[in-house]
Amino acid sequence: MIPFVDLKSQYLTVQKDIEASVIGVLRSGQYILGPEVSMFEEALARYVGVKHVVSCASGTDALMIALMAKGIGPGDAVFTTPFTFMATAEVIALLGATPVFVDIERDTFNIDAASLERAIVSVRDGLLPSRRQSGVSSKQLNPKGIIPVDLFGLPANYEKIQSIANKHGLLVVEDAAQSLGGKYHGRMAGALAEIGCTSFFPAKPLGCYGDGGAIFTNDDTLADLFRSIRVHGQGQDRYENVRIGITGRLDTIQAAILLAKLKIFPAEIEARQRVAARYGTSLRAANVPVTLPSVSTGYLSAWAQYTLLAENSKKRQELIDKLKKAGIPTAIYYPRPLHLQKAFSNLGYSSGDLPVAEECASRVFSVPMHPYLTDEAIDAIVNAMK
Ligand SMILES: *Cc1c(COP(=O)(O)O)cnc(C)c1O
């Protein structure tokens, strides 16, 4: 049986280190913001190449704290991709702002710069993109920010996105929940915008054993704001509250686990490159009728997922069935783009509004991807698809 994500093999690799660290925390009694938290933040800051890492309780909280620090709220439009995990757009709506969904590129599954610029212009001109065809004017929204997602581990095109953001005076928050360890023109994912956010959910490239996340920035003032919002808008001391915040801390135990896992993380990212390369050669050799993920020059994917595009949804189902018969698990990320989710029905989107995202949702499927996948296992997976 080939697991989709093999957390057990990883655990065996770091078991001694992790067990010693966790017992250390248990014996110390410093369960909240113990020394391991700042040790981990410092180690991760060095790895990502940013001045500040503020750890927090989840990737969702990381995004939320980032938007709260920037004062995003009612009347603001934040542009993002519909082809992502719910959290990316959920935080925008939670703060009372309006998510504006923008179509994606078929070859990278990431936000499409040309569509992004069109969406910004139409919001600025008082028309929500989804309602433009009918010419119905919506209440005026202020374009405020962009949340590009580095989907499946591949960074978005930050050069194009940042130049559009600069032109329109918008904030960029990188959703690096899936891309930690990835690179864009020599810079690490998480450090590709003014603010970066990541998640340590167990199945992410760097996962803990529960929930966790982190926010990245080079800006001292923002980092202080993140720290304050993380603990109920704390001021100089615990009982001074200078703004509205949340309970958003990373547990000391999770920080201790992450410190141990960060040591093997660069080698794991290397191993993921090997797995992806092997999938590529093996799938090509076997002539499996799928489009392989493409990584352009200047990009390094963290390979959170290895996602293939079948010719259509029927062919996808056939491939998934063949794999299932061979005992190989698959997953569909994401079967329904966010603009068509019931939770966002008030935004007024309908089927056909974002055609590339909708098409990808009907054609994508992901095969097992983790650093402990052997060449034999990869070949067995590919053979099952023949
Ligand atoms: C996982 C994920 C999140 C949320 O992270 P949690 O730690 O689960 O809250 C946000 N965005 C993307 C793209 C994700 O994959």
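On a predicted model such as this, the values are computed, not experimentally measured, just so you know.

Caption draft 1: The environment of Thr84, seen in detail. Along the chain, Thr84 falls in the loop between strand 2 (76–80) and helix 4 (87–94). For the pair Thr84 and Val123, spaced 39 residues apart in sequence, the C-alpha to C-alpha distance is 22 Å. Residue contacts for Thr84: discarding those within four places in its chain leaves Val149, Leu151, Tyr334 and Leu338. At 2.9 Å, the side chain of Thr84 and the side chain of Thr88 are in polar contact.

Caption draft 2: Focus on the side chain of Ser228. One can find Ser228 in helix 7 (residues 220–230). Within the structure, the side chain of Ser228 is placed 2.6 Å from the side chain of Arg243, a separation counted as a polar contact. The contacts of Ser228, once residues within four sequence positions are left out, are Gly233, Gln234, Val242 and Arg243.

Caption draft 3: Fine view of the sheet that holds strand 13 (residues 364–367). Across the sheet, three strands lie side by side as 10-12-13; this open sheet has antiparallel pairing. Lying at the two open borders of the sheet, with one neighbouring strand each, are strand 10 (290–291) and strand 13. Where strand 10 meets strand 12 (residues 306–310), two bridges bridge the pair, whose relative direction is antiparallel. Bridge pairing in strand 12 links Thr291 to Leu309.

Caption draft 4: Structural detail: the sheet that holds strand 1 (residues 52–56). The mixed open sheet is built from seven strands, whose spatial order is 1-9-8-5-4-2-3. With one partner strand each, in any of the chains shown, strand 1 and strand 3 (98–101) form the two edges of the open sheet. Going from strand to strand, the sheet's axes swing by 25° on average, the running direction of each strand aside. Pairing between strand 2 and strand 3: four bridges, direction parallel. When the sheet's bridge partners are listed, Val78 is paired in strand 3 with Pro99. Along the sheet, helix 2 (residues 35–48) contacts strand 1 and strand 9 (213–217); its crossing angle with strand 1, the most-contacted strand, is approximately 130°. Contacting strand 1, strand 8 (195–199) and strand 9, helix 7 runs over the sheet at an angle of about 15° to strand 1.

The rules behind each value
Residues numbered from 1 in each chain as written. Predicted model: local features only at pLDDT ≥ 70, side-chain atom pairs only at ≥ 80, totals over all residues. Heavy atoms only, no water. Helix = DSSP H or I, 4+ residues; strand = E, 2+ residues; numbered from the N terminus. Contact = heavy atoms within 4.5 Å. Polar contact = N/O pair within 3.5 Å; in protein donor to acceptor, adjacent residues only side chain to side chain. Pairing = 2+ DSSP bridges. Axes fitted to C-alpha atoms, helices over the stretch in contact; angles between N-to-C directions.

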